Amino acid sequence: MFNRRQTLGALAAVSLLTAAALPATAEMKHGGIMVDAPFARASASPAVKSGAAYFTLHNHGEMADRLIAVEGDAAARIELHTHVMKDGAMQMLEIEGGVPVGPGESVAFEPGGNHVMMMGLAAPLKEGETLPLTLVFEHAGKVAVQVPILGVGAMGGMSHGDHSGHKMTE
């Protein structure tokens, strides 16, 4: 059988492997902001110079906050965007003034809705790699997120836990 040292070593190794296998999630202690199920889609070809990132924001804090910017080196410009119907056609627009996240609320960034738009990509987004982004909040400050790059037509990342009690906002 294993002695105590071998057992503790094995448990530590399993813990490290389990933590490494989990999808990227970031949580701020102050402000209560959590970023859940981040993902980006791989570039369809090397000629494509734009991409998008998606996630869900959860505000577990008692104070409203606002996502005001996203930073990163992956593209020349990174902006918060949304889709709106105008004159019978879907248009993509930059979100002015940031995205509010009330206390106890969640806000989804998903295909066809709010998203992080990256224009002038430095390199194609490759499936299996990760994209480092920094979300900038009015109160919680900067939250670094490692965004997994999924397949070209991916519709979502993996979620961490049940957030069904949260109110979804636009």
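The structure under discussion appears in the preceding block.
Only a predicted model underlies this, so the values are computations on that prediction, with no experimental measurement involved.

Novice: Whenever I open this one, the overall build of the chain confuses me. Can you help?
Specialist: Check the secondary structure of the chain and you find 1 helix and 12 strands. The burial tally for the chain puts 39% of its 170 residues in the buried class. Within the chain, counting contacts between residues at least 6 apart in sequence, those at least 24 apart form 69% of the total. Here the chain has roughly 9,700 Å² of accessible surface; of this, 57% comes from carbon and sulfur atoms.

Novice: Where do I start with unusual backbone geometry in this structure?
Specialist: Both trends apply: most residues other than glycine have a negative phi, and most peptide bonds are in trans. Of note, the phi angle at Ala 37 is positive, near 55°, even though the residue is not glycine. Residue position: Ala 37 is located in strand β2 (residues 33–41).

Novice: I'm lost on the environment of His 60 in this one. Help?
Specialist: Within the secondary structure, His 60 is located in the loop between β3 (50–59) and β4 (65–71). Using a relative accessible area of 39% as the deciding quantity, one classes His 60 as partly exposed. Residues His 60 and Ser 106, 46 residues apart in the sequence, show an inter-C-alpha distance of 9.0 Å.

Novice: Hey, could you run me through the side chain of Asp 36 in this one?
Specialist: Within the secondary structure, Asp 36 sits in strand β2. Classification of Asp 36 by relative accessible area gives buried; the value is 3%.

Novice: Would you take a moment to explain the nonpolar core for this structure?
Specialist: A general feature of soluble globular proteins is that nonpolar side chains tend to end up buried together. Counting residues in each nonpolar core, the largest one holds 31 residues, and the members touching the most others are Leu 57, Leu 67, Met 118, Leu 131 and Leu 135. Those residues in contact with Leu 131 that lie beyond four places of it in its chain are Ala 40, Ala 74, Met 118, Leu 125, Val 145, Gln 146, Val 147 and Ile 149.

Novice: Looking at this model, I keep getting lost on the pattern of salt bridges. Mind explaining?
Specialist: Opposite charge on two side chains permits them to pair, given that their charged atoms come into close proximity. Under the defined criterion, the tally for this structure stands at 2 salt bridges. Where Glu 71 meets Lys 142, a salt bridge forms, and the shortest distance between an N and an O atom there is 3.2 Å. Of this pair, Glu 71 sits in strand β4 while Lys 142 sits in strand β11 (residues 141–150), and the two are 71 residues apart along the sequence. When its relative accessible area of 34% is taken as the criterion, Glu 71 is described as partly exposed.

Novice: Honestly, the layout of surface pockets in this entry has me stumped. Any pointers?
Specialist: Over the atoms a probe the size of a water molecule is rolled, and this reveals where empty space is left. The space that makes up the largest pocket amounts to roughly 160 Å³. Every residue along the wall of the largest pocket is listed here: Asp 73, Ala 74, Ala 122, Ala 123, Pro 124, Leu 125, Lys 126, Glu 129, Thr 130, Leu 131, Pro 132 and Ile 149. In terms of residue count, strand β10 (residues 130–137) provides more of the lining of the largest pocket than any other element does, 3 residues in total.

Novice: How should the pairing of β2 be read in this particular structure?
Specialist: Along a regular strand, successive side chains alternate from one face of the sheet to the other. Counting buried positions over the 9 residues of β2 gives 8, a clear majority of the element. The sheet contact formed by β2 and β3 spans 6 bridges and is antiparallel. Paired with Ala 40 across the strands is Ala 53, a residue of β3. As paired strands, β2 and β11 are joined by 2 bridges and run parallel to one another. Paired with Arg 41 across the strands is Leu 150, a residue of β11.

Novice: How should the environment of Met 92 be read in this particular structure?
Specialist: Residue position: Met 92 is located in strand β6 (residues 89–94). On the basis of relative accessibility, which here comes to 39%, the residue Met 92 falls in the partly exposed class. Sequence separation between Met 92 and Gly 113 is 21 residues; the distance between their C-alpha atoms is 8.9 Å.

Quick notes on the rules
- Within every chain, residues take consecutive numbers counted from 1 along the sequence as written.
- Confidence filtering applies because this is a predicted model: local features only for residues at pLDDT of at least 70, side-chain atom pairs given and counted only at 80 or more, and all residues used for totals across whole chains, interfaces and linings.
- Heavy atoms throughout the structure, all of them, feed into the side-chain values; hydrogens and water do not.
- Strands here mean DSSP runs of E at least two residues long; helices mean DSSP runs of H or I at least four residues long; both are numbered from the N terminus.
- Burial classes follow relative accessibility: with a 1.4 Å probe on protein chains only, a residue under 20% of its type's maximum area counts as buried, one over 50% as exposed, and anything between as partly exposed.
- The criterion used for residue contact is that any of the two residues' heavy atoms lie within 4.5 Å.
- All accessible-area figures derive from a Shrake-Rupley calculation using a 1.4 Å probe, and residue coverage is judged against the displayed protein chains alone.
- Here, nonpolar core means buried Ala, Val, Leu, Ile, Met, Phe, Trp, Tyr and Cys residues that are tied together by side-chain atoms lying within 4.5 Å of each other.
- Counted as salt bridges are all cases of a side-chain nitrogen of Lys or Arg within 4 Å of a carboxyl oxygen of Asp or Glu.
- Using a grid of 1 Å spacing that covers the protein atoms alone, one calls a set of points a cavity when a 1.4 Å probe fits there but cannot get out, and a pocket when the set is open and has protein on both sides within 12 Å along at least five of seven lines; lining residues are those with an atom within 4 Å of a point.
- Grid points are joined across faces, edges and corners, and a volume is the space filled by probe spheres set on the points.
- At least two DSSP bridges between two strands are needed for those strands to be called paired.

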